[in-house]
Every structure is written in C-alpha cells, then in structure tokens.
Amino acid sequence: MDVVAVHNTAKIRPTDPLPLGESFVDLAAARNQAETGQLVLRTHAPIDALHVTVSALRGPDGETLPVELFQQHYIRLERTTTPAFETGWYPDALVPLEGPIDVEPNANLSVWLKVRVPEGQRAGDYTGMVRVGERDIPVRLRVWDFALPAAGHCRTAFAIWYDQVADYYGLTRDSAEHWELAERFYWFQLEQRLPADDLPISPSISAQDWLSAAARFLDDPRVIAYRIPARPAEPSWTTEVVDGLRRAGWLERGYFYLDEIDEPTAGGIEEPQGGAARVRELCTWLQGIAPEVEHLVTAEPVPELEGAVATWVPLFDRYDAGDARDRRSKGEDSWWYGCVYPTHPYPSYHIDDDLMAARVVPWLMHRDRIAGNLYWATTIFGAWDGERFAPRDPWTDPMAWPGANGDGQLIYPGPDGPLPSIRLEAIRAGQDDFEYLCLLEQALTESAGIHADGVCEVESILASYRDRIVESAFDFARGAEVERVRRAIAVHILRLRGIEVGAVESSAFVSLVTPVTAPEPGAMPSLRRRFDPDEAESEGWAAAIDRDVLRLRTGPNGEHRPWVRWNIDDLTDFDVVEFDLVNRSSLSTALFVTFLRDDGVRHEGARAMVDAHGREQVAVPVDFALMNPSRITGFQLELMPHQPGARLEVRGVSVSASTGVTRFHRALG
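Attention here is on the structure that accompanies the text. Bear in mind the structure is a predicted one, so any value in this text is a computation, not a measurement.

Read from one edge to the other, the open sheet built from 3 strands follows the order S14-S21-S20, with strand pairing classed as parallel. In this open sheet, the two edge strands, each paired with only one partner strand, are strand S14 (155-158) and strand S20 (336-337). Sheet topology note: the S20/strand S21 (residues 372-375) ladder contains 2 bridges and is parallel. The residue bridging tyrosine 337 from the neighbouring strand is leucine 374, located in S21.

Spatially, 5 strands are ordered S1-S3-S11-S8-S9 in an open sheet, and the strand pairing comes out antiparallel. Only two strands of the sheet have a single neighbouring strand rather than two, namely strand S1 (2-6) and strand S9 (88-96). Along the sheet, successive strands turn relative to each other by an average axial angle of 30°, direction set aside. As defined by bridge partners, strand S8 (residues 68-77) adjoins S9 across 7 bridges and the pair is classed as antiparallel. The residue bridging glutamine 71 from the neighbouring strand is valine 95, located in S9. Sheet strands in contact with helix H9 (residues 422-448) are strand S3 (33-42), S8, S9 and strand S11 (109-117), and its direction is about 140° off that of S3.

Given 3.6 residues per helical turn, the α-helix brings residues three or four places apart onto the same face. Judged by how many residues are buried, helix H8 (residues 361-368) sits mostly within the fold: 7 of 8 residues are covered. Val361, Pro362, Trp363, Leu364, Met365, His366 and Asp368 are the residues of H8 that are buried. Arginine 369 occupies a position one or two residues after H8 and carries a positive phi of about 60°.

The next subject is the environment of valine 4. Its place among the elements puts valine 4 in strand S1. When its relative accessible area of 7% is taken as the criterion, valine 4 is described as buried. Put simply, valine 4 and leucine 41 are 37 residues apart on the chain and 6.9 Å apart in space, counted from C-alpha to C-alpha. Beyond its immediate sequence surroundings of up to four residues, valine 4 is in contact with Leu18, Pro19, Gly21, Glu22, Gln38, Leu39 and Val40.

Another aspect to go through is the packing of H9 against helix H11 (residues 481-496). The interhelical angle for the contact between H9 and H11, taken along N-to-C directions, is 30°, at an axis separation of 9 Å. Relative to H11, the element H9 lies roughly parallel. The crossing of H9 and H11 is left-handed. Residues Ala429, Asp432, Asp433, Tyr436, Leu437, Leu439, Leu440, Ala443, Leu444 and Ser447 of H9 touch H11, and the partners they reach there are Val482, Arg486, Ile489, Ala490, His492, Ile493 and Leu496. The residue makeup of the contact of H9 with H11, split by class, is 12 nonpolar, 2 polar and 3 charged.

In this fold, valine 6 is placed in strand S1. Remark: the alpha-carbon pair of valine 6 and serine 23, spanning 17 residues in sequence, is separated by 9.2 Å.

Attention now moves to the packing of aromatic side chains. Tallied over the entire structure, the rule returns 28 aromatic pairs. Ring geometry for phenylalanine 531 against phenylalanine 635: centres 5.6 Å apart, planes inclined by 85°, an arrangement best described as edge-to-face. In this pair, phenylalanine 531 sits in strand S28 (residues 527-531) while phenylalanine 635 sits in strand S36 (residues 632-639), placing the two residues 104 residues apart along the sequence. For arginine 13, the ring lying beneath its charged end belongs to tyrosine 90, and the centroid distance is 4.3 Å. One Lys or Arg, arginine 231, reaches over the ring of tryptophan 237 and ends 3.5 Å from the middle of that ring.

With 16 residues, H11 extends 23 Å from end C-alpha to end C-alpha; this agrees with the ideal 22 Å at 1.5 Å per step. Along H11, the residues classified as buried are Glu481, Val482, Glu483, Val485, Arg486, Arg487, Ile489, Ala490, Val491, Ile493 and Leu494. Of the residues trailing H11, glycine 498 is marked for its positive phi of about 80°.

This paragraph deals with empty space enclosed by the protein. Tallied over the entire structure, the rule returns 6 cavities of 30 Å³ or more. Taken as a whole, the largest cavity holds about 60 Å³ of empty space. Forming the boundary of the largest cavity are Asn8, Thr9, Thr36, Trp112, Leu355, Arg359, Ile422, Glu425, Ala426, Arg428 and Ala429. For the lining of the largest cavity, the element with the highest residue contribution is H9, accounting for 5 residues. Residue composition of the lining of the largest cavity, by class: 5 nonpolar, 3 polar and 3 charged.

Cut-off values and rules
- Residues numbered from 1 in each chain as written.
- Predicted model: local features only at pLDDT ≥ 70, side-chain atom pairs only at ≥ 80, totals over all residues.
- Heavy atoms only, no water.
- Pairing = 2+ DSSP bridges.
- Helix = DSSP H or I, 4+ residues; strand = E, 2+ residues; numbered from the N terminus.
- Axes fitted to C-alpha atoms, helices over the stretch in contact; angles between N-to-C directions.
- Contact = heavy atoms within 4.5 Å.
- Buried < 20%, exposed > 50% of the residue type's maximum accessible area, 1.4 Å probe, protein only.
- Parallel < 35°, antiparallel > 145°, perpendicular 65-115°, else oblique.
- Left-handed = near helix turned anticlockwise from the far one by under 90°.
- Nonpolar A, V, L, I, M, F, W, Y, C, P; charged D, E, K, R; others polar.
- Phe/Tyr/Trp six-rings, centres within 6.5 Å; stacked < 30°, edge-to-face > 60°.
- Lys NZ or Arg CZ within 6 Å of the ring centre and 35° of its normal.
- Expected span 1.5 Å × (residues − 1).
- 1 Å grid on protein atoms, 1.4 Å probe; cavity = no way out; pocket = protein on both sides within 12 Å on 5 of 7 lines; lining within 4 Å.
- Points joined across faces, edges and corners; volume = space filled by probe spheres on them.

Take a look at the structure:
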C-alpha cells in the first residue's frame, strides 16, 4: 500500500494517479489556530478493516496536542459547473474516523488530520505518528510563538438557513429543539472564523426578547459581524432593536441586509417590487435609523442607485478596485460575493474547482481593502426545482441550486449535527491567512516609527507576500505555494518581535523520517526528455538564444510580460517539468508555469521566486487532477508583471518521470 502526504490545498480524486508527496506530514500553526494535513492511501488489492490511528503530538516539556482524524467522503458529479473540470467522483465532506476503514483497489482514499492549537499552547515543535495498518507516518507541527486574535478582521456574512436545518432533521420549525440544533450549527461555523448573517434566534419574538437572546452571542468577541434584523413592515420593532444594540455597544458590528431588495439589478433595475425607487426608499429608511451601520446591497454600482447605496456588494468578477478606492474617498464602501457565478478561473466555492479558489478570497480582500465577504447559504440541504426546495440527499446529490455543484452548501448534516467539507476548511484557512497578513501589517506599522522611511515600506512589504499568491481575481496561485508564503510571513512577524526562528526541521523530527532511497532493482527506470533552446516559442522581450541559454527580460519600468513556451504531443509518460533558472538582476524575480490543453484551457501549475543573483532548480509536478496528461499540448514559463529590469536565464528544460522514487521533494513547497 502506498501512503503519501500532500498539502491541504490538493483536491485528490479517487481516479487520479497517486499524487507526488512526502513520507511525513509537516504542519505549522500559530496559537489559536487550527491546521489540517492530508494523507492519500492507495493499494493494488482491496483491504478490509484497515486501522488508522494517530497519537497525540508531544512537544516542549512534554506538552501535548490531540489530533483529530477524518475520512474523506466522495460525491459523484453527473454534470460539471464549467468545462474546465470533468464529471465523476470528487472529494468533499469530512467524516470523523472512528473505526477501521475499507480501502478499494486502485483508487485514492484520503485521510485528513486536524490539530487545534489553544491560545496558551507553548511554542515549539510537536511530533507524533499516524499509524496506517503496520506503517508509521511521522507528523510534525511547528507552533509559532504568536497567537491569532479571537476577534478576527475579515468580516463575513455566510448565511445559515435555519429552516433547512429543521427540515432535514425532521424538526418543527421554530420549536425549542430546532433552535437548539440551529445554535450548534452557528457555533460550528463560527469556529471556522465565519460569522453567519443571522443569529440563531426565533424571528417571532418581541424586540426586547430578541435583544436578551442576542446578548450571549454578541458578548462573544468572535462575533465580528451579524445581520441586524430589520422589518420594513414593523418600523417601530426595528427601531427598538437598533436602540437596544446601540445602548449595549453592539451596533457597529452589525449590518443591514434586506432580502426584499437582494440582487436588485440581477434582472434589470426594475426587478424588485417598486424598482429603484423602492431600493432608495429602504436605504433612506435605514440611514435614518442607524447612519453608522452598513447597509449591504448586492449590486455593483449603477447610476440608478447612486447616492442611495453606501455599501455596494458586487460579484467577485464585477468588483472594480479602482472605482472602489474612489468611492471610499466619498464615504462609500464595498463588500463582495460569489454564488453560482462567477466560475473557474475566478474564486468560487464549487465542488468542481480547486481548493485555492475557495481559500484565495481573503488574500484579494486584504490587497484591495474589501470590507466583507457575503455568501448566500452554507446549509441548503434541499434542491431548488424552480418553485421550492424539494427533498435532496446532500451526501449523494451535489446540486442544491441548478448550475453549480455544491453552491449553497458548505456544511454537511451529520447524524449528530454539522460536519465540515474540505471547501469549508479551505475557506477557514484563507481566513487564517488574512490574520497573518494583519499581524504582519500591525508589526510593520509599529516598527515604522523606528525607521525614517518605514511607513512607505509597509505596503510594499505586504505586497511582496501577497503578489506571490494573487495577481488578479482570476489569476492566482493554485498550489502549495500558499504554505511557503504563510510560513515566511510567520518568520517575518517573529523577527519584528525580536524572536529568532530556528531551523525549519528539528533534529528530533528529521530522525523519524525515512530517507529517500534509490529505486529497487528491476523497478521502472526514470524517463527524461530534454528540450533544446531552439524548440521554444517566445513573446515579449525574450531575447535571442545565446550559447544554449534563453534570456527573458522586462523593460526598465516593468513593462512587457515575456513568456516562453514548449510544445509537447503527450505528457502521459512524464510527471515533472524541470527548469534550471539563473537570475541576473539585483531583485528577486517571480514567475509562473502554466500547462496548456488541446481545447485552449490553461492551468497554472506553480509559481516560483528566483532570488536576486541566484540559481534555482524548479521542479513542477504535472497536475493530473485538472488535466488529462494526454490532452496537454505544452507548458509555458512566464514572468509576472511589474518587475522592472528583470533578467532571467533559462539554462535547461526537461520533463521526467521518477516512478521508482518513493518520495519526491517538491521544489515549490
């Protein structure tokens, strides 16, 4: 049986080839953070009742951390959301692993680990073991010497449809049992750093009773955002709630969001009852009640609503960063959202998309200073048939809303309450990434007073990290590069606090790891094909070949975006693309590698950075999860934009297959 550890951004389907990975699990987390890892199991013969267990992680002075295990649940997609992906089985729900499991032959099965690091945990390296049958897989967790704040900074409105929870579990709506279960879903989602829009409180009670019930939620610092209930038909009830929230000091964390005028421009500005006039009327009413509170209107700016809407909420692909900056100077603000649309290559929460599509949203929000992220539902357990939500088995049917697999459902209904999906875990990881960026920004700002020009450097330093992950809302890293960047941010935070960081691997951990061994006698030999420089196609400022070296450069102001491409008929026999790169400039140079498919679809395989005056051997695994290798027509190396005076030499290019090696060190993390 093969067991490999892969990053938690990898979405491994059962039918994919065994992915390249490691023989150990390597994690890192701050205090007050949860982190996940993934093991992929594959066997050539069926295994019944395989036992998978994990020890507690043991660290400094014998301190321990428990580890949770989850088995991957797979769901079959009969239709795809976009042509970029295929039908078939996809991983999504995570089910607590509480006993032996059966492993089918010649199919991948993932087991996930989750470690929750308390706020008071001692920093340092923690080690343990996952036992898979008779095999021991080492686990290492580095706990950074800082904590993520309980009260986060990335505001969300991820709606829990409490009536859907009641209906699935066969409970009477608005009963005591219903609200008890609804509250469990609320706290579960809040632990993912995703405050829901509505508090789990009955809507059929008086204003004073609502305020009393809300106290224990709004006293929790993790509740950084919530929807203030507003009843246009009962303005006095709404005013009483707003006044009570203001007296208690809870009002400014809230926002208004009226279902009556949701997406008022989706079918033309006259779609809502009363059209633009009704939208303006309700905006004016809420502005009069609570001018300090955001009123979210799910629309991009349109002339018909100018002057009325103060917080615009466009779709991911309709957000205009330049326009939003101008509006902020006038006192307006912006959230954004995704739903059935947009789809790949934009961010999405769809099952048939990569996990970075869900995780990247907070990176873009931090860069563009977007105030919040709205999502219409996490608990749609029925299926919309055009008139109502009909019964659906969410464990076998992925289509809650027509057109997008998984849209409207991020949480699965377990026998005793909510269970996560890997999409939900990816979203939580993105929320944690946002807090890393905020902590770095805070530390940089505090240290700026010591350095004469420190203030102007803060944003450029933040950008140096963010730019390694995001270029635009449709152009972002889709692999494990996010882990390298997050760890680099953690080290930067610690050094700004005067804390030196030790080596990445501790000797205690390295001694547990089985070294890479040469192929066994008789194993399939490694395959390799080298490309000559004159086989490349190029554009931009790619200079002529000089003594078997291909040179790429940009203009003095960063203009031009040179690329070089190699065509290949079939990558079926190869699993790695390798580059030998030399940076001749005084600045680190960023690049990315893209795979090309016969129908024009492009998939970014990896991003990399070559240090100033440095030489880098970059190895990029072919991403079989998104592209059938027989349909790949080539690969392309491209410099990222806005890099003045970049000068990169390509000294060697090859594709290879190292099937006899049991573990592969990925050059890109």
